[in-house]
Amino acid sequence: MTCECHSHNPDPGPVPAIEVSGLKVSFGGQPVLKGVNMKVPKGSVVALIGPNGSGKTTLLRCLLGLQEPAQGQVKIFGESNLQRVMPRIGYVPQKLALERSFILSVREFLSLRLSQSRNWFWHSRKWSDDALRSTMAEIGVEPLLDRPIAALSGGQLQRVLIAFSLLKAPDLLLLDEPTAGVDSPGEDTFYDLITKVHKHHGMTVVLVSHDLSMVYRHASWVYALNGTICCEGSPEEVMNAESLKQAYGIHVSPYQHHHHVH
Amino acid sequence: MFTEAFMIRAFLAALFLCPLCALLGVFVTARRMSFFSETIAHGALTGVAIGIWMGMTELTIPVIGFGLLVAMAIIWLKENTELMTDTIMALLLAGSISLGIFILSLVKGGYLGQVHSYLFGDILAVEDRDVVVSGILFAVVAVSVFMNLNVLTLISAHEDLAHVCGVNVRRVNYLFVLALTVTVAVSIQLLGIMLVTSLVVIPPAAARNVSCNLRQQIVYSLLIGVIGGLGGIALSYHFNAPCGATIAMSCISLFLLTLVIRLFTRKRNANQPLLPS
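Bear in mind that the values here come from a model prediction, so they are computed numbers and not experimental data.

A few words now on the overall build of chain A. Tallying secondary structure elements over chain A gives nine helices and nine strands in all. With 262 residues in all, chain A has 55% of them scored as buried. In chain A, 69% of the contacts between residues at least 6 apart in sequence involve partners at least 24 apart. Put simply, chain A shows about 11300 Å² of open surface, and 50% of that area lies on carbon and sulfur atoms.

The structure is reproduced here in structure tokens:
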């Protein structure tokens, strides 16, 4: 895939939040990532988009240290030993595949992140209320505290997962398909929340999504992935790039979904 | 009932093993591993067969040994083949039972009583040494589970999320499988190969009926495990029936009771369902 829209990336600074160089991953001889290079500046909100099978999930797993690359390197905050930077990363997975028989409540789930050394089983309600208060107020999960996680709607679960990741004040927030299974008004509320959280905490945010339309309103920089970073730039530039249309097929028309660009 | 030494031994073993199975069961059911414990339990038949064939008097060691072998085989096949987990378990279940039966067929008579007690559980088979082993196992596993409750809960919710939170997921998974395998293998003497999984699955399922959060599920599961276990031993003595069956029956009775409680309370709180439809 030729690069047609590589714009001048805002200076990533001396130590970028994420630096990926020459990353290659194959499954069963089939290359999935064919040499990915990217530098994400600290404090930015970037989107990583690509159609299904483009390697988004594999790249995300490499960033989280869950997938060993065949070649290349991932550095987060300049550190290549990802285990060491894990405490600085907040990860919001797509969903929790909880068995319905596992009745973990939101309060218990959030308590898991409060302190690994203290055991949630012995926490009193008051203790967890006090410890969770500021995050609950910010994210608005207070009414959900005593509900089982398995009973939450997609949007509510996303809020809880964000609250979970914010409890350790991360410097990098990685969100995997954050609005999959969330209805349209819920999607807007969700991205407004991300914008608010980003403004307040100033961390680097990476949104991984196959949803082209969402990048318009919420990301300052977009990476389009299809085995390699086939295109990067501001949302407007990326949306109009010919290579992106090729990556997604000819029916791409993001303008149908949103009428205003931030 | 309490004046006879074998009954005291059986009660003590049940007091250690039943809550332990019920505690591990909360995470076993949460992680869809019920069939895993069933496979390990059935693998024990081969352990028993090997022990009898080799003329061993103490069969717990071959039972634990073969159980661990089956557990490792499940994990290895999961990690190194494209097979689905349930296919792997069915394969090993059939493999270990057939191997066990084959080995038993090589033994010249006189083993049926021993096999029967391992298949269905036998309170008379519990010896002093078994009580001590159960006590130590209870202390080690229960304390480890409670000390690592955060980690176990997090892994049960989402393994990748647990990894990002700094948990060594692979190590915890191996240790959990080790604890489950040894607990199931030791419990077989009391509960029998056929029904040992009932004590891993039924108490957490019954507890789920009457719980609003995980803490309640753990506490109720422990209670139901203890009551079901001790009640089952008493029934076994009274009716002279294999205790594996009576313990499973008393646990199922408790499950039905919690189900009735749940249906009754849900009807009253119809506007606030515990789970969405």
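Through backbone hydrogen bonds, the strands of a sheet pair up, either in parallel or in antiparallel fashion. All names here are of chain A. Strand order in the open sheet made by the six strands is β5-β6-β7-β3-β8-β9, with mixed pairing throughout. Each edge of the open sheet is held by one strand with a lone partner, namely β5 (89-92) and β9 (228-233). When strand polarity is set aside, the average angle formed by the axes of neighbouring strands in this sheet is 20°. Across five bridges, the pairing between strand β8 (residues 221-226) and β9 is antiparallel.

Residues and elements named next belong to chain B. Within chain B, residue pLDDT values average 89, and 95% of them lie at 70 or more. The model gives residues 270-277 a pLDDT under 50, and that stretch makes twelve contacts with residues more than four places away or in other chains. Model confidence for the complex: the whole-complex pTM is 0.86, and ipTM, which rates the interface, is 0.84.

Turning to the interface of chain A and chain B, a few remarks are in order. On the chain B side, the residues contacting the 36 residues of chain A number 33 residues. By the criterion of area lost to chain B, the three top residues of chain A are F102, I103 and F121 of chain A, representing 22% of everything that side buries. For the pair chain A and chain B, the interface holds one salt bridge. For D160 of chain B, the salt bridge is made with R61 of chain A, and the minimal N-O distance between the two is 3.0 Å. Across the contact surface, chain A and chain B share six residue pairs in polar contact (both at pLDDT 80 or more). Elements with a contribution of two residues or more to the side of chain A that touches chain B: β5 and α3 (106-114) of chain A. Tallying contributions element by element places α3 of chain A first for the side of chain A that touches chain B, with four residues.

Conventions we followed
- Residues numbered from 1 in each chain as written.
- Chains lettered and ligands numbered in written order.
- Predicted model: local features only at pLDDT ≥ 70, side-chain atom pairs only at ≥ 80, totals over all residues.
- Heavy atoms only, no water.
- Helix = DSSP H or I, 4+ residues; strand = E, 2+ residues; numbered from the N terminus.
- Buried < 20%, exposed > 50% of the residue type's maximum accessible area, 1.4 Å probe, protein only.
- Contact = heavy atoms within 4.5 Å.
- Areas by Shrake-Rupley, 256 points an atom, 1.4 Å probe, with all protein chains shown as cover.
- Pairing = 2+ DSSP bridges.
- Axes fitted to C-alpha atoms, helices over the stretch in contact; angles between N-to-C directions.
- pLDDT = per-residue confidence, 0-100.
- Buried area = accessible area lost by both parts, 1.4 Å probe.
- Salt bridge = Lys/Arg side-chain N within 4 Å of Asp/Glu carboxyl O.
- Polar contact = N/O pair within 3.5 Å; in protein donor to acceptor, adjacent residues only side chain to side chain.

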